[in-house]
Amino acid sequence: MKTKQTNAAVCSYFLILSLSISLVMAIGENTSTIPVNVGVILDMDDSPSKVWLSCINMALSDFYASHRSAKTRLVLSTRDSRNDVVGAAAAVLVLAFFSIDQIFKHKALDLIKNVQVQAIIGPVSSMQANFLIDLGEKAHMPMISFSATSPSLTSHPSSYFFRAAQTDSSQVKAIAAIVQAFGWREAVPIYIDNAFGEGVLPYLVDALQEARARMPYRSAIPPTATNDQLIGELYKLMTMQIRVFIVHMTPSLGSRLFAKAQELGMMKEGYVWIMTNGLTNLLSSTNGSVINSMQGALGVRTYVPITDELVDFRARWKRKFQQENPSIVDVELDVFGLWAYDAAYALAMAVENVGTRSTFGFQKTHTSINSSSTDLETLGVSSKGLELSKFLSSTRFRGIAGDFSFVNGQLQSPMFEIVNVNGNGARGIGFWTPKRGLVKDLNTSKDTKSAYSSSKSGMGPIIWPGDSASTPKGWEVPTNGKKLRVGVPVKIGSPELVKVVRNPVTNATEVTGFCIDIFKAVMEGLPYAVTYDFVPFAKPDGTTAGSYNDLVHQVFLGNFDALAAATTIRGNRSLYVDFTLPYTESGVVMVVQTKDSRSQDPWIFLKPLEWKLWLTICCSFIAIGFVVWVLEHRINDDFRGKPSRQVGTSILFSLSTMVYAHQNVVSNLSRIVVIVWVFVVLVLVQSYGASLSSILTVPQLKPSYSGIDVLVKNKDYVGYPKGSFVYSLMIERGFDDSKIKPYTTPEECDQLLTKGSANGGIAAAIDETPNLKLFLAKYCKKYMVGPIFKTSGFAFVFPKGSPLVPDVSRSILNVTEGDEMKNIESKWFGETTCLDNKPNDSDHRRFTFYSFWVLFLISGVSSCLALIIHTTLFFHKNLHILLTCWSVWRSIRVMFIVLSYTPNSSFLREQAETDVDQMVTAPQGEGADQEHN
């Protein structure tokens, strides 16, 4: 029993001793730390603000638990801004235009003047932050906001304002990538009408323009909008054709907007809703009924990597928050709470780094105190504000929300997660990064150097509004929506292109023509429905209101939404409007009368063969005659006689082969040469006859004028279609204005061309290719075309920046490449088989030497071989004569004598032998004397 009492006494002694030591240490610690006052401005009536305040307190607890040797301690002074700009300002004594009595009547006592805070965490909204930036600059007091995201704050640069949150401008490229991925051309932003909503619009417009999309309308919702105002604005959006909406507003107003949109049936199939991170970041704490009204919407939210530290923090925060706020249930931690934690942690690091070297305080300004002085003028300057700002600017650490660092006072966190609202929350479908664009996975083991992607393949499957799996077109025709006003010309150009007829009984307008059929086919081929009305460009009396230039200008002025006509793409016009791809062939051509040159050319019989071939044939006839004479004159009496007779016989023989009436030859070598030559002559004769028949049969059409320069030089009259740009073109080419005549119909053009320039008509008509198709379809036998220069063809006209232009251009390609275009051309132009009625160039039917060079080669080779064989046999037979001759010159003379006599004549043979014997046996000197004599 005594032992137990002794043990109890010992335990009590040690317990008292440990408590005493702890108390002494606590007292010592409290006396050794420096308290630093920090203001916190939140809207304490909101549940999110309570969440954020608990995160700030946990950040300080975690910091000092891990830094037990810290010499400073942040002391929080919380003020309620009551969700009001003036309330936030009054909380820190900022309104210089308020009197002192008015300021002190507010609930929040001035943090700076009385509490002397060294920094402020907050305020919540961008408008409040915008209101307080000047105060921080004046007092040299750092302000860290973790929820003010408006890009408009960057227009007030301050070295004392830090935004520990993503600026809204960082997400616009992610939104634009989504719009571009699905090919939507237009989108309407629905935003809250304040600094938070308006600040992101300029950046969003630029990002959508880079994605080839535009904003035709902006829906601004007042912050205090009633349900009736929301319904009225949504009804207005329903009447538009656009079905892609980008919602950028606060959660309270955004939840009401989606609820009313669901009531009006705007959350059904065909609609697209994209939420910015202002809504998406708070989806985890959004009421279930609100989530139900957002089904199918897409959202962009800040990407927070899931780490062990984050999981542990969420669990600790959940337990603590429920202990401190047992009456608040179903509250989730959002990214703003994580940013609040990191901001408070960074501020504690900065204060600890600066406060260990000196004390904190305020330096009073030297301002005379009088009745007119304001509290802002006598506020004072923080002694450590500049050092705190410099340390915060260089602070870098791994926070709960990811890497924490400031660049120009902005938190750098550029990655976003793309989510799809389904069921009870948001489902991640992909990511967006500045370097890679849309990707399904952020796994760094994959190729991170891949090109920027804006393809929908970078996202997972999406369930769209109305539980639809098919991608919305982004454009639909509402029941009472605005139709496109498509302008059409009246009585300009050929009626086959565009014709406007007004019914005098019903006063209805009927528009037909080639251009109209093409326009209808193209619009039907679009991936979405577009309604339109044709509006004639006419005066009240039904006459035309101007030229094509005037009609294009009406599109620029906004009086027409499009133009369906024979409008040529011109450089000066493209400065004010956008053209689609051309739907017709291009070119400006000249039309003149034709003339047949057959009866006017007496040398037409020479045209089948070119002059080189004629020369080759003539030389070949002479060569064949010579070869046959060499082979035949010793053995064929027909080739003997006087030299003139032998020459004539040879030439006559070769020419007679053309009509196959040549005399017989004796030598076999001659027969071979003649047979080959006769074959060559047969081919030449047949080819010549065929070509000459074609030339004499087919009309040799030639233009009456060879070119436009001749018309200018001769000062002839020329015509052009009234109202066409061709007039200015002709003036540029040097035509006199008095020599240019307009015409309105093909019939009038034909009459003027028939009269001619000398008889009050025109020498030529200058027009575009499509128009001349109609003209030549009627008068193709009388006229001929010739190009002047190329143009870009006919195209449809839309206002500058219209999202319809790319889709209409693609539809034009589909129409022009298919059979539909041929059917439309046949309907309005008929079978225009003479559209290519150009000057006939008879040279393309002429035969050249290269057409028959092989035949001439065969004939030449056979003749040469015959001569070689004949000469070889002759010298072989008379070799003994050559061997008995004393000189080369005498051998040659003897051979010529022998060659000149025929071997069949005994007298001539005996005479030749005697002459040869005398020349051979005669002495060299004697022979020389006789020869000389």
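Just so we're clear, the structure is a prediction, and the values are computed from it rather than from any experiment.

Observations concerning the overall build of the protein chain
The secondary structure content of the protein chain amounts to 32 helices and 31 strands. The 933 residues of the protein chain split such that 49% are buried. Expressed as a percentage of contacts within the protein chain between residues at least 6 apart in sequence, the contacts between residues at least 24 apart total 71%. About 45,600 Å² of surface is accessible on the protein chain, with carbon and sulfur atoms providing 56% of the total.

Some thoughts on the sheet that holds strand S23 (residues 562–568)
In spatial order, the strands read S22-S19-S23-S31-S24; together these 5 strands make up an open sheet with mixed pairing. Each edge of the sheet is formed by a strand with only one pairing partner; in this case those strands are strand S22 (532–537) and strand S24 (577–579). If you compare each strand with its neighbour and ignore which way they point, the axes differ by 35 degrees on average. Relative to S23, strand S19 (residues 484–489) runs parallel, the two sharing 2 bridges. When the bridges of S23 are listed, Gly-487 appears paired with Leu-563.

Description of the nonpolar core
Counting residues in hydrophobic clusters, the biggest one holds 56 residues, and the most contacted among them are Leu-74, Phe-146, Phe-313 and Trp-317. Looking at this core element by element, the count peaks at 15 residues for helix H15 (residues 335–355). Judged by nonpolar contacts, the second largest core, of 48 residues, contains Cys-515, Ile-518, Tyr-583 and Ile-824.

Some details on the environment of Thr-286
Turning to its location among the elements, Thr-286 is positioned in the loop between helix H12 (277–280) and helix H13 (288–293). Between the C-alpha atom of Thr-286 and that of Asp-330, which follows or precedes it by 44 residues, the distance is 9.4 Å.

So, the pattern of salt bridges
A complete count under the given rule lists 11 salt bridges for this structure. Salt-bridge contacts for Glu-263 lead to Lys-260; the nearest nitrogen and oxygen are separated by 3.6 Å. Remark: Lys-260 and Glu-263 occur in helix H11 (residues 251–263); sequence separation between them is 3 residues, near one turn of the helix. Take Glu-263: its relative accessible area is 56%, and that puts it in the exposed class. Across the pair Lys-320 and Glu-324 runs a salt bridge whose closest N-O atoms are separated by 3.9 Å. Taken together, the residues span about one helical turn, with Lys-320 and Glu-324 both in helix H14 (residues 308–324) at a distance of 4 residues. On the accessibility criterion, Lys-320 (24% relative accessible area) is partly exposed.

With respect to the sheet that holds strand S17 (residues 425–433)
Taken together, the 8 strands give an open sheet; going across it, the order is S7-S6-S8-S9-S10-S16-S17-S18, and neighbouring strands pair in mixed fashion. Each edge of the sheet is formed by a strand with only one pairing partner; in this case those strands are strand S7 (219–221) and strand S18 (437–439). Between one strand axis and the next, the sheet turns through 25 degrees on average, direction left out of account. Strands in contact with helix H7 (residues 172–181) are strand S8 (244–248), strand S9 (272–275), strand S10 (298–302), strand S16 (416–422), S17 and S18; relative to S10, the strand with the most contacts, it is inclined by about 150 degrees.

Looking at the confidence of the model for the protein chain
When pLDDT is averaged across the protein chain, the result is 78; 77% of the residues are at 70 or more. Across the protein chain, the element-wise mean pLDDT spans from 33 in helix H4 (residues 100–104) up to 96 in S9. Scored below 50 in pLDDT, residues 1–31 makes 1 contact in the model with residues more than four places away or belonging to other chains. The model gives residues 367–374 a pLDDT under 50, and that stretch makes 5 contacts with residues more than four places away or in other chains.

Some words on a nonpolar patch on the surface
Together, Tyr-850, Trp-853, Val-854, Leu-857, Ile-858, Val-861, Leu-865, Ile-868, Ile-869 and Leu-873 give the surface a local cluster of nonpolar side chains, amounting to about 1,000 Å² of exposed area. For Val-854, a relative accessible area of 42% translates into the label partly exposed.

Reading guide: rules and limits
- Residues numbered from 1 in each chain as written.
- Predicted model: local features only at pLDDT ≥ 70, side-chain atom pairs only at ≥ 80, totals over all residues.
- Heavy atoms only, no water.
- Helix = DSSP H or I, 4+ residues; strand = E, 2+ residues; numbered from the N terminus.
- Buried < 20%, exposed > 50% of the residue type's maximum accessible area, 1.4 Å probe, protein only.
- Contact = heavy atoms within 4.5 Å.
- Areas by Shrake-Rupley, 256 points an atom, 1.4 Å probe, with all protein chains shown as cover.
- Pairing = 2+ DSSP bridges.
- Axes fitted to C-alpha atoms, helices over the stretch in contact; angles between N-to-C directions.
- Core = buried A, V, L, I, M, F, W, Y, C linked by side-chain atoms within 4.5 Å.
- Salt bridge = Lys/Arg side-chain N within 4 Å of Asp/Glu carboxyl O.
- pLDDT = per-residue confidence, 0-100.
- Patch = residues over 30% accessible without salt bridge, like charges linked within 9 Å, V, L, I, M, F, W, Y side chains within 5 Å.

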